[in-house]
Amino acid sequence: MTYAFDGAPIDGWAYTDVVDLARRTPSWLDAPISAWSTYGLGVFAVLMVLAWWRARRTGAGAALLALAVPLLVVLAYAVNSVLKLLVREDRPCQSLHVVTLEACPAPGDWSFPSNHTAIAAAAAVALFLVSRRIGYVALVAAGAMAVSRVWVGAHYPHDVVAGFVVGALVASLTMIPLSRRPDALAHRLATTRLRPLLVASTAARRDTTPERTGTPT
């Protein structure tokens, strides 16, 4: 027999209020929120590519930091997944028996913390340390992802808060030390086949060698 944690006493009332509001909201608003909740993580992938492309033109160290972002996101997902297995909290739609926009997952698909939110938060914090302009966009997107996961009924509010904290902590604890001295490692890697990933290609050099011309005698 599998024993699971019931998170409803923590903030089940808030979850129910949000889900009820989502059911009363017109479908033209629910549809984009549901789409964002399901596919919004793709936006963070685009932001990672954009940050890397811009960082290559700044220097090898900046490019190395940008390349580290997806690795940190995977690490945050792994840490969050371990916490899910340790806590084993039932999904709120299973405990509270409410109708939600997103189909209720099967038992054993644990709720705490939110994977979507952890991934989004890790990407946002890491991107902020690469490019503040892109990072601000990513942070807003991460906040929207957290809200959307409650809106569609997939998570309690405390699930997404915990997921955000996990993602932000993993990104901060790994990215900040790396950002202090990225150049030494970047310069080593720039001498390998990884150079195109770290240094933007330069325009072809013009041939400045003067032509030899015959001189009259």
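Model, not experiment: these values are computed from the prediction.

Calculation criteria
Residues numbered from 1 in each chain as written. Predicted model: local features only at pLDDT ≥ 70, side-chain atom pairs only at ≥ 80, totals over all residues. Heavy atoms only, no water. Helix = DSSP H or I, 4+ residues; strand = E, 2+ residues; numbered from the N terminus. Buried < 20%, exposed > 50% of the residue type's maximum accessible area, 1.4 Å probe, protein only. Contact = heavy atoms within 4.5 Å. Areas by Shrake-Rupley, 256 points an atom, 1.4 Å probe, with all protein chains shown as cover. Core = buried A, V, L, I, M, F, W, Y, C linked by side-chain atoms within 4.5 Å. Disulfide = S-S within 2.5 Å. Salt bridge = Lys/Arg side-chain N within 4 Å of Asp/Glu carboxyl O. Axes fitted to C-alpha atoms, helices over the stretch in contact; angles between N-to-C directions. Parallel < 35°, antiparallel > 145°, perpendicular 65-115°, else oblique. Nonpolar A, V, L, I, M, F, W, Y, C, P; charged D, E, K, R; others polar. Patch = residues over 30% accessible without salt bridge, like charges linked within 9 Å, V, L, I, M, F, W, Y side chains within 5 Å.

Participant: Is there a simple way to explain the overall build of the protein in this structure?
Facilitator: From N to C terminus, the protein includes 10 helices and 0 strands. Taken from N to C terminus, the helices and strands of the protein fall in the order α-α-α-α-α-α-α-α-α-α. In the protein, which comprises 217 residues, the share counted as buried stands at 41%. The long-range share in the protein, meaning contacts at least 24 apart out of those at least 6 apart in sequence, stands at 80%. When the accessible area of the protein is evaluated, it comes to approximately 12700 Å², of which 65% is carbon and sulfur surface.

Participant: Help me understand the nonpolar core in this model?
Facilitator: If you look at the biggest cluster of nonpolar residues, it comprises 28 residues, and the most contacted ones within it are Phe44, Met48, Val69, Val73, Leu127 and Met175. Elements supplying a minimum of two residues to this core: helix H3 (41-56), helix H4 (60-87), helix H6 (115-130), helix H7 (132-151) and helix H8 (157-180). Looking at this core, the element that brings in the most residues is H6, giving 8 residues. When sequence neighbours within four positions are dropped, the list of residues in contact with Phe44 reads Trp36, Ala120, Ala123, Ala138, Ala141 and Ala142. Membership of the second largest hydrophobic core comes to 8 residues, among which are Ala8, Ala146, Val150 and Val160.

Participant: What is the right way to read the state of the cysteines from this model?
Facilitator: Think of a disulfide as a covalent bridge from one cysteine sulfur atom to another cysteine sulfur atom. If you walk through the whole model with that rule in mind, you get 1 disulfide. Between the sulfur atoms of Cys93 and its disulfide partner Cys104 the distance amounts to 2.1 Å. Between Cys93 and Cys104 the disulfide shows an S-S torsion of about 85°. By sign, it is right-handed. Here Cys93 is found in helix H5 (residues 92-96), whereas its partner Cys104 is found in the loop between H5 and H6, with 11 residues between them in sequence. Overall, the relative accessible area of 37% leaves Cys104 in the partly exposed class.

Participant: Would you mind going over the environment of His116 with me for this structure?
Facilitator: Note that His116 resides in helix H6. Counting along the chain gives 30 residues from His116 to Ala146, while the straight-line C-alpha distance between them is 7.6 Å. Look past the residues within four positions of His116 in its chain and what remains in contact with it is Ser37, Thr38, Leu41, Met145 and Arg149.

Participant: Whenever I open this one, the pattern of salt bridges confuses me. Can you help?
Facilitator: Side-chain pairs of opposite charge can arise whenever the charged atoms involved come near each other. Scanning the entire structure with this criterion turns up 3 salt bridges. Of the charged contacts in the structure, one is a salt bridge between Asp109 and Arg91, with a shortest N-O distance of 2.9 Å. With Asp109 in the loop between H5 and H6 and Arg91 in the loop between H4 and H5, the pair connects residues that are 18 residues apart, well separated along the chain. Take Asp109: its relative accessible area is 37%, and that puts it in the partly exposed class.

Participant: How should I be thinking about the packing of H6 against H7 in this particular structure?
Facilitator: If you want to describe how two helices pack, look at the angle between their axes and the distance between the axes. Between H6 and H7, the least distance of the axes is 7 Å, while the angle of their chain directions is 170°. Classified by the angle their axes make, H6 and H7 are roughly antiparallel. Every residue of H7 that contacts H6 at His116, Thr117, Ala120, Ala121, Ala124, Val125, Leu127, Phe128 and Val130 is listed here: Arg132, Ile134, Gly135, Tyr136, Ala138, Leu139, Ala142, Met145, Ala146 and Arg149. Its residues placed into classes, the contact of H6 with H7 shows 14 nonpolar, 3 polar and 2 charged.

Participant: Is there a simple way to explain a nonpolar patch on the surface in this structure?
Facilitator: Together, Val161, Val165, Leu169 and Leu173 make up an exposed nonpolar region whose accessible area comes to about 390 Å². Mapping Leu169 onto the fold places it in helix H8. For Leu169, a relative accessible area of 48% puts it in the partly exposed group.

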